[in-house]
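Summary of the model geometry
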Amino acid sequence: MRESRIKKRKKWKKILLSGFIVFAVLLAVGLGYAYNLYSQVNQAASKMHEKIDWQGSGNQKEKIEQKEPLNILLMGVDERSGDKGRSDSLILMQLNPENDSMTMLSIPRDTRVELAGRGKMDKINHSYAFGGTKMTVETVENFLDIKLDYYIKVNMEALSEIVDALGGITVNNSLTWSDEGYYKKGYVYKKGEINLNGPKTLGYVRMRHLDNNGDFGRQARQRQVINAIVDKGANVSSINKVDNVLDVLGDRVKTNMTFNEMKDIQKGYIGTRKNKATLELKGSGSKINGVYYWVPSDESLNIIKSSL
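In this text, all values refer to a predicted model and were calculated from it rather than measured experimentally. (Residues numbered from 1 in each chain as written. Predicted model: local features only at pLDDT ≥ 70, side-chain atom pairs only at ≥ 80, totals over all residues. Heavy atoms only, no water.)

Right, let's talk about the overall build of the protein for a bit. Counting its secondary structure elements, the protein contains nine helices and 14 strands. Counting across all 308 residues of the protein, residues that qualify as buried make up 44%. Relative to all contacts within the protein whose residues are 6 or more apart in sequence, the contacts with residues 24 or more apart total 66%. (Helix = DSSP H or I, 4+ residues; strand = E, 2+ residues; numbered from the N terminus. Buried < 20%, exposed > 50% of the residue type's maximum accessible area, 1.4 Å probe, protein only. Contact = heavy atoms within 4.5 Å.)

Below you can see the structure in the form of structure tokens.
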């Protein structure tokens, strides 16, 4: 009996030892993967980070610690070789952790504003051509009477690469149309839920001439795509695509956020994607000195300022 018990104890010791070894190996592999992933994210964030002669609100760190609302400007720029490009897409995104909300405001590209540092009225998308990121963020701040905390500048070609890196996105399309060559002739977008790869996503967010709502319809599609990317990127199934996404972000996206700020925002503001809302700036088109502008109404602009 005693020998039998001793054999059983030895057997269980071997089983426990084997189990411990397997657990240790898995833990080591997991920690190694986590460290490697952390290093990749850090490297991508370092490539994305840029410094310009602009401080924003100046108290971003305190706002994140206090979990106060953050104002982030998303800039979609069309930069090509030999052409500085324009900020063809400007979306203000306000993250409010108090009520877990993410509010987006699209600013029409033809909006007539005073360009910061130039003292002249012009289309807001010309601010990037004249003064780059600095003039664009300062023009938006003056126009909406707010202080921005961060900006995220994305080359529009990168949008295609990001969507492909995530394995595509799904959106609910409100109308049927066929691209007649404005982006790529032959692309068909059917009404209803559709799946988009990278190139078709670019066509989806750029089309406006076939939409009765013109640029406002395009703005709505841009916000749709941003929401779809956020939801897809936050999904656990996207973990195995993280290498591809990081490669694209590091090369094609620029921001004044540091890596530590990204981590703190992720921890403190992750719930804001639960409730998404949209603010609409109202106005009308008008020709001034032979040039078309979109002119916001004073009443609507004041309401937007108060909301923000």
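So, next bit.
In this structure the tally under the stated criterion is nine salt bridges. Where K276 meets D231, a salt bridge forms, and the shortest distance between an N and an O atom there is 3.0 Å. Of this pair, K276 sits in strand β12 (residues 275-279) while D231 sits in helix α6 (residues 214-234), placing them 45 residues apart in sequence. Looking at K276, the relative accessible area reads 32%, which means it is partly exposed. A single salt-bridge network, built from bridges that share partners, covers D231, R273 and K276. (Salt bridge = Lys/Arg side-chain N within 4 Å of Asp/Glu carboxyl O.)

Another point: the sheet that holds strand β11 (residues 253-255). The strand order across the open sheet formed by six strands is β11-β6-β1-β2-β3-β12, and the pairing between neighbours is mixed. Each edge of the open sheet carries a strand with a single partner, namely β11 and β12. Neighbour to neighbour, the strand axes of the sheet diverge by 20 degrees on average, direction disregarded. With five bridges connecting them, strand β3 (residues 101-107) and β12 associate as parallel partners. Residue pairing for β12: M102 is matched across the bridge by K276. (Pairing = 2+ DSSP bridges. Axes fitted to C-alpha atoms, helices over the stretch in contact; angles between N-to-C directions.)

If you walk through the whole model with that rule in mind, you get one cavity of 30 Å³ or more. Reported here for the largest cavity is a volume of approximately 40 Å³. As for the largest cavity, its lining consists of D88, S89, L90, S106, I107, P108, R109, D215, R218, Q219 and Q222. Of all the elements in the fold, those that place two or more residues in the lining of the largest cavity are β2 (87-96), β3 and α6. Its residues assigned to classes, the lining of the largest cavity shows three nonpolar, four polar and four charged. (1 Å grid on protein atoms, 1.4 Å probe; cavity = no way out; pocket = protein on both sides within 12 Å on 5 of 7 lines; lining within 4 Å. Points joined across faces, edges and corners; volume = space filled by probe spheres on them. Nonpolar A, V, L, I, M, F, W, Y, C, P; charged D, E, K, R; others polar.)

If you look at the biggest cluster of nonpolar residues, it comprises 27 residues, and the most contacted ones within it are I169, Y204 and I229. Listed by contribution, the elements that provide at least two residues to this core are α4 (156-165), β7 (169-173), β10 (192-196), α5 (198-206), α6 and α7 (242-252). The greatest single-element share of this core, amounting to six residues, is contributed by α4. Excluding residues within four positions of it along the chain, Y204 makes contact with V171, N172, N173, W177, Y189, I194, L196, R221, Q224 and V225. One finds L73, I146, L301 and I304 within the second-largest nonpolar core, a separate group that totals 24 residues. (Core = buried A, V, L, I, M, F, W, Y, C linked by side-chain atoms within 4.5 Å.)

Across six bridges, strand β13 (residues 283-288) lies against strand β14 (residues 291-296) in antiparallel orientation. When the sheet's bridge partners are listed, G285 is paired in β14 with W294. Counting the residues that bridge the hairpin from β13 to β14 gives two residues, and of these N289 lies at a positive phi of roughly 55 degrees.

Read these as geometric descriptors, not functional statements.
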